[in-house]
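So the chains spell out like this:
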Amino acid sequence: MRKRFLSLLLTALTVVSLTACGAEKPAVKTVYAMDTVMTLTAYGKNAEEAVAAAEEELYRLDQLLDRFAENSELAAINANAGAPTGVSDELAELIALSRHISEKTLGAFDPTVAPVMDAWGFGGESPRVPTQPELEVLLSTIGAARIVISYEDRPRVTIGSAQALDLGGIAKGYAGGCVKEIFEKYGCTGVIDLGGDVMLAGKKTDGKDWRVAVKDPNDPSDFLGTLTLSDCAVVTSGIYERNFTEDGVLYHHIIDPATGRPAESGLVSATVVCADGAYADALSTAAFVLGARGAVSLCDRFGTETPLLELLLVTDDGRVLCTAGLDGIFEPNTESGYLYEQLS
């Protein structure tokens, strides 16, 4: 038996043409948080202060949202499964949003999938394929509807006695939104690249939109095309982010909560463009799990909750599918070899 664990060395999204020639130099900060290398780029007279504050915010959120971090609120909930655990307003709100998105995606995104993820060993050094009986037991623990949030003297979260929460599918997007607010507070524009989750704060210094290159999931050294936009989040979920090969079969980390196995939806990547980072992050996972037809329904279900909700999907048979709202925003790479189609 041969196993090979692969980690993504290149981000799924790359921002190109950061600013106009001759414009002011940005403040750039590289941060390692949430198990990801992040790059913060800010423009403005207070840019250095903005990236410094953003770095501290990312460390704070990492401690808050990491279920493996000692003394984190999320770890406390999991350790106290079956009983109410007092948490901050911020964490209660993010868990409530995760539960809401899970309900509206019919469980395609689910923050209680942690026990199944652990069984697969994604993120560790020894990933493996769980047995079907093992998965059947763990599947009985999944279900965001079982999360109870009560409000008394402080918010309290209760999960099932066999459950565990993992907010990895929404945390980076949420963090990107928090950093964007910091940039705005300091009067800065810029790019927040959280390793596959990109948040764009304002426009470039020349007043133009940013250009974001979307990586080719079958060849991350190449790209599918570029998106030209501003003031929004762009998040991609794909099979190349975390995976391993066993007995010649590739297993990726995007688990279908209905089966407990890597999603087989006909997609190899799903990119969501959205005004809200947390929504973009969670919905990119849901879109991947649901497949092209189900992903399109997300625009109807969530379009009134968060503006600028668009999709760019790559199928396993070599097609790139884009929603109509990306017309004029997405420029395909005509040399990529993909067939580009509009989703309806």
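Everything that follows concerns the structure shown earlier in this document.
Every value quoted in this text rests on a predicted model; they were computed, and no experiment measured them. (Residues numbered from 1 in each chain as written. Predicted model: local features only at pLDDT ≥ 70, side-chain atom pairs only at ≥ 80, totals over all residues. Heavy atoms only, no water.)

## Things to note about the overall build of the protein
The number of helices and strands found in the protein is seven helices and 21 strands. Scaling as 2.2 N^0.38, a compact globule of 344 residues should have a C-alpha radius of gyration of about 20 Å, and the protein matches this with 20 Å. Reported as C-alpha extents along the three principal axes, the dimensions of the protein are approximately 60 × 50 × 40 Å. Once local pairs closer than 6 in sequence are excluded, the contacts in the protein between residues at least 24 apart make up 64%. In the structure as shown, the protein presents an accessible area of about 14800 Å², 50% of it carried by carbon and sulfur atoms. Treating the 27 positive side-chain charges of the protein as one cloud and the 49 negative ones as another, the clouds have centres 1 Å apart. (Helix = DSSP H or I, 4+ residues; strand = E, 2+ residues; numbered from the N terminus. Rg over C-alpha atoms; globule rule 2.2 N^0.38 Å. Contact = heavy atoms within 4.5 Å. Areas by Shrake-Rupley, 256 points an atom, 1.4 Å probe, with all protein chains shown as cover. Lys, Arg positive; Asp, Glu negative; His and termini not counted. Charge placed at Lys NZ, Arg CZ, Asp CG, Glu CD.)

## Digging into the nonpolar core
Counting residues in each nonpolar core, the largest one holds 94 residues, and the members touching the most others are L40 and F183. Among the nonpolar cores identified, the runner-up in size contains 12 residues, and A119, F122, L138 and F244 belong to it. (Core = buried A, V, L, I, M, F, W, Y, C linked by side-chain atoms within 4.5 Å. Buried < 20%, exposed > 50% of the residue type's maximum accessible area, 1.4 Å probe, protein only.)

## Comments concerning empty space enclosed by the protein
Considering all chains together, one arrives at one cavity of 30 Å³ or more under this definition. In this structure, the largest cavity occupies an estimated 40 Å³ of space. Lining the largest cavity are K172, G173, G176, I192, L194, D197, V198, M199, A233, V235 and G277. Broken down by class, the residue content of the lining of the largest cavity amounts to six nonpolar, three polar and two charged. (1 Å grid on protein atoms, 1.4 Å probe; cavity = no way out; pocket = protein on both sides within 12 Å on 5 of 7 lines; lining within 4 Å. Points joined across faces, edges and corners; volume = space filled by probe spheres on them. Nonpolar A, V, L, I, M, F, W, Y, C, P; charged D, E, K, R; others polar.)

## Some words on the packing of helix α3 (residues 89-104) against helix α7 (residues 277-302)
Helix-helix packing is characterised by the crossing angle of the two axes and by the distance between the axes. Relative orientation of the contacting elements α3 and α7 amounts to 10°, with a least axis distance of 10 Å. Taken together, α3 and α7 sit at an angle that is classed as roughly parallel. Two secondary-structure elements touch here, α3 through L97, H100, I101 and K104 and α7 through A278, Y279, A282, L283, R301 and F302. For the contact of α3 with α7, the class distribution of residues is seven nonpolar, one polar and two charged. (Axes fitted to C-alpha atoms, helices over the stretch in contact; angles between N-to-C directions. Parallel < 35°, antiparallel > 145°, perpendicular 65-115°, else oblique.)

## A word on the environment of F183
Secondary-structure assignment places F183 in helix α6 (residues 171-185). In this structure F183 comes out as buried when scored by relative accessible area, which is 0%. Each C-alpha atom of the pair F183 and T304 lies 26 Å from the other, and the pair is 121 residues apart in sequence. Those residues within four positions of F183 in sequence are excluded, and the remaining contacts are L40, T41, A42, A50, V51, A54, C188, T189, G190, V191, I192 and A201.

## Side note on the layout of surface pockets
Over the atoms rolls a probe the size of a water molecule, and its path tells where empty space is left. Considering only enclosed or pocket space, the second largest pocket measures out at about 210 Å³ in volume. Lining the second largest pocket are 14 residues, and of these L250, H252, P262, A263 and E264 sit closest to its centre. Among the secondary structure elements, those contributing two or more residues to the lining of the second largest pocket are β14 (249-252), β16 (261-262) and β17 (267-274). Counting residues per element, the lining of the second largest pocket draws most heavily on β14, which supplies four residues. Here the lining of the second largest pocket is composed, by residue class, of eight nonpolar, three polar and three charged.

## With respect to the sheet that holds strand β21 (residues 339-343)
Across the sheet, which stays open at both edges, the nine strands sit in the order β3-β4-β8-β9-β12-β17-β18-β19-β21 with mixed pairing between neighbours. Strand pairing shows two members of the sheet lacking a second neighbour, β3 (27-33) and β21, which therefore form its edges. Averaged over all neighbouring strand pairs, the angle between strand axes comes to 15°, with direction disregarded. Sheet topology places strand β4 (residues 36-43) next to strand β8 (residues 189-193); five bridges connect them, and they run antiparallel. The residue of β8 that forms the bridge with T41 is V191. (Pairing = 2+ DSSP bridges.)

Worth remembering: the numbers are spatial, not functional.
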